[in-house]
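# What the coordinates show
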Amino acid sequence: MKKIIVPVLVALVTIPAAANTEIKLAKPVQLKADGKLIDVGEDTSYAGPLVADVDEDGKKDLIVTSISGVFRWYRNVSDKKEPVYKHQGHWKVRGEPLRLKNW
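This one's a predicted model, so the numbers in the text were calculated from it and none came from an experiment. (Residues numbered from 1 in each chain as written. Predicted model: local features only at pLDDT ≥ 70, side-chain atom pairs only at ≥ 80, totals over all residues. Heavy atoms only, no water.)

## Details of the confidence of the model for the protein chain
Going by this rule: Per-residue confidence from the prediction method is given by pLDDT, with values spanning 0 to 100. Any pair of residues with heavy atoms lying within 4.5 Å of one another is described as a contacting pair.
Residue-level pLDDT values for the protein chain average 78, and 76% of them are 70 or greater. When the criterion is pLDDT under 50, residues 1-13 qualifies, and its contacts beyond four places in sequence or with other chains add up to 12 contacts.

## Looking at the pairing of strand E4 (residues 61-65)
What counts here: The rule is simple: take the accessible area with a 1.4 Å probe, protein chains only, and divide by the maximum for that residue type; under 20% is buried, over 50% is exposed, in between is partly exposed. Put simply, DSSP marks the helices as runs of H or I at least four residues long and the strands as runs of E at least two long, and each gets a number from the N terminus on. By definition, two strands form a pair when at least two bridges between them are found by DSSP.
Counting buried residues along E4, five of its five residues qualify, which places the element largely inside the surrounding structure. The alternating pattern of E4 places Asp 61, Ile 63 and Thr 65 and Leu 62 and Val 64 on opposite faces, both of which are buried. Where strand E3 (residues 48-52) meets E4, five bridges bridge the pair, whose relative direction is antiparallel. Paired with Gly 48 across the strands is Thr 65, a residue of E4.

## Focus on the nonpolar core
For clarity, the cut-off: Put simply, a nonpolar core is a bunch of buried Ala, Val, Leu, Ile, Met, Phe, Trp, Tyr and Cys residues held in one set by side-chain atoms that sit within 4.5 Å of each other.
Within the largest apolar cluster, seven residues are counted, these being Leu 50, Val 54, Ile 63, Phe 71, Trp 73, Trp 91 and Leu 98. Among the nonpolar cores identified, the runner-up in size contains six residues, and Ala 33, Leu 62, Val 64 and Tyr 85 belong to it.

## Looking at the packing of aromatic side chains
The line we're drawing: Pairing of aromatic rings covers Phe, Tyr and Trp, the last counted by its six-membered ring, and requires centre-to-centre distances within 6.5 Å; plane angles under 30 degrees mean stacked, over 60 mean edge-to-face, and any other angle means tilted.
Applying the stated criterion across every chain, the model contains one aromatic pair. Ring plane angle 50° and centroid distance 6.3 Å describe the contact between Trp 73 and Trp 91, whose orientation is recorded as tilted. Of the two residues, Trp 73 is situated in strand E5 (residues 71-76) and Trp 91 in the loop between strand E6 (85-90) and strand E7 (92-93); the sequence distance between them amounts to 18 residues. Summarising the burial analysis for this pair, Trp 73 and Trp 91 share the class buried.

## A closer look at the pattern of salt bridges
So the rule is basically this: When a carboxyl oxygen of Asp or Glu is within 4 Å of a side-chain nitrogen of Lys or Arg, the pair counts as a salt bridge.
As enumerated under the stated definition, the model contains three salt bridges in all. One salt bridge in this structure joins Asp 55 and Arg 75, with 2.9 Å as the shortest N-O distance. Linking Asp 55 in the loop between E3 and E4 with Arg 75 in strand E5, this pair joins segments that are 20 residues apart in sequence. On the basis of relative accessibility, which here comes to 23%, the residue Asp 55 falls in the partly exposed class. For Arg 75, a relative accessible area of 28% translates into the label partly exposed.

Next comes the structure, spelled out in structure tokens:
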């Protein structure tokens, strides 16, 4: 039986141990694939990134979806510490692009 992986983006929240603990987040970065900024393009907005080892090679890949419900796959062709992404096209199931309807 062939397994099908359907990524689901889950927001995790860490509650500080003490009320006076300050939470610091790193500055946002713009990710690139194939040397160009990743842009959801015609999908206009609401990009939803997911980082996971989807091809089971030990490196974290990137899946990006948007309001259109189409999933784009970016394979990490470098290493765990400094990922370099290569666009692999739309995530496909049985040869067809996976699309989840939002509305």
